[in-house]
Structure formats: structure tokens, C-alpha cells
Amino acid sequence: SITVGFSPGNAERMVIDLVNESRVTLDIAAYEFTNKGIAEAVRAAHQRGVKVRIVMDQERLNGKYNAGTFLANNHVPMHASSTRYKIMHQKIMLVDSTTTLTGSFNFTSAAARSNAENVLILRNSPQVTAIYATEFQRLWDEGTAVGAKY
């Protein structure tokens, strides 16, 4: 099935609901990640035993507040993207090997409330998810592990 959302509107809720639906795996590639509600949902997924991995743009990990630091401090596996890219501008979530989220929506409060953004969720599409999973794995392998800061 295909679900589409926009912001301002329902995009943020769709992302949080998808994270909450994850049961086995949750891979996230994010340019920017500052949205507290999404970060809390990801932490909860990790705490309930979902295998979570996140790749974030290396420059954005150095921001004042970012969910990458929050999640790394909560022992969620995190990689900073390779410096071979000026920016790692992906915005994807891969859930349980069957569901792909993509679109322009950065995982930020500004994207949810101030920007015109879109989210596309493809459920029960393991072929599409496998294509994105190959790209995610490449980004993960090229990246550098980020550990807890406290």
C-alpha cells in the first residue's frame, strides 16, 4: 500500500506511527534530525528490542541540538556519514524489510510545522525496501561510528 503525507499536516504523525509499528529492524538515513517526538519514538523502538541503525550527515551531528547525539547517548547504533559527500541528504526509514519511507521531510520540528514537505510510505514492498537497504548499507559501511558522549 502507498500512503502520502504533507506538512504542515500529517507528515510528522505518519513518521512517528511508522517508527512505533517497527518490530524487528529500523534503519534511518537522515540529513537533519532534531524532532523530539520522532527521536523519542526511535528510542522507544530501540528499548523494546528493535534493531535500530542510523546514519546522519556528519555536519549536522555537530549542531547545538540533534537527535543523533540524544540517540547515541541512549546507545542506539549511529554512524556519521562519510566525508566524501558535501552533504548526505537522504531522508529514509526502512522498517522490518518490507516498508520504505522517503520524501523531502527532514526529521525536524521545522519540517513538521514550518516547511512544505512530503512523506511517501510504501508498505508491503520488500523489493523496493531491498533496493533502499542496499543504499543504506553502503552509507552505513562508509560512515564512522558515533558513540555516547556521556
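Being a predicted model, the structure only gives us computed values, none of them experimental. (Residues numbered from 1 in each chain as written. Predicted model: local features only at pLDDT ≥ 70, side-chain atom pairs only at ≥ 80, totals over all residues. Heavy atoms only, no water.)

Caption draft 1: Geometry of helix α5 (residues 126-142). For α5, with 17 residues, the first-to-last C-alpha span of 24 Å sits near the 24 Å given by 1.5 Å per residue. Buried within α5 are the following residues: Thr129, Phe136, Leu139 and Trp140. Taken down its axis, α5 places every buried residue within 95 degrees of arc, on the same side. Within α5, the exposed residues directed more than 90 degrees away from the buried face are Gln127, Ile131, Thr134 and Asp141. Lining the buried residues of α5 we find β2 (25-30), β3 (51-56), β4 (78-80), β5 (91-95) and β6 (99-103). (Helix = DSSP H or I, 4+ residues; strand = E, 2+ residues; numbered from the N terminus. Expected span 1.5 Å × (residues − 1). Buried < 20%, exposed > 50% of the residue type's maximum accessible area, 1.4 Å probe, protein only. Arc of directions from axis to C-beta. Contact = heavy atoms within 4.5 Å.)

Caption draft 2: Spatial organisation of the confidence of the model for the protein. Scored by pLDDT, the protein has a mean of 93; 99% of the residues are at 70 or more. Taken element by element, the predicted model of the protein shows its lowest mean pLDDT in helix α3 (residues 67-73) (87) and its highest in β6 (98). (pLDDT = per-residue confidence, 0-100.)

Caption draft 3: Spatial organisation of the pairing of β3. With respect to burial, β3 is a largely interior element, five of its six residues being buried. The pairing of β2 with β3 spans six bridges and is parallel. Of the residues in β3, the one forming a bridge with Thr25 is Lys51. With helix α2 (residues 36-47) bridging β2 and its parallel neighbour β3, the resulting β-α-β unit is right-handed. (Pairing = 2+ DSSP bridges. Right-handed = clockwise from strand over helix to strand, strands pointing away.)

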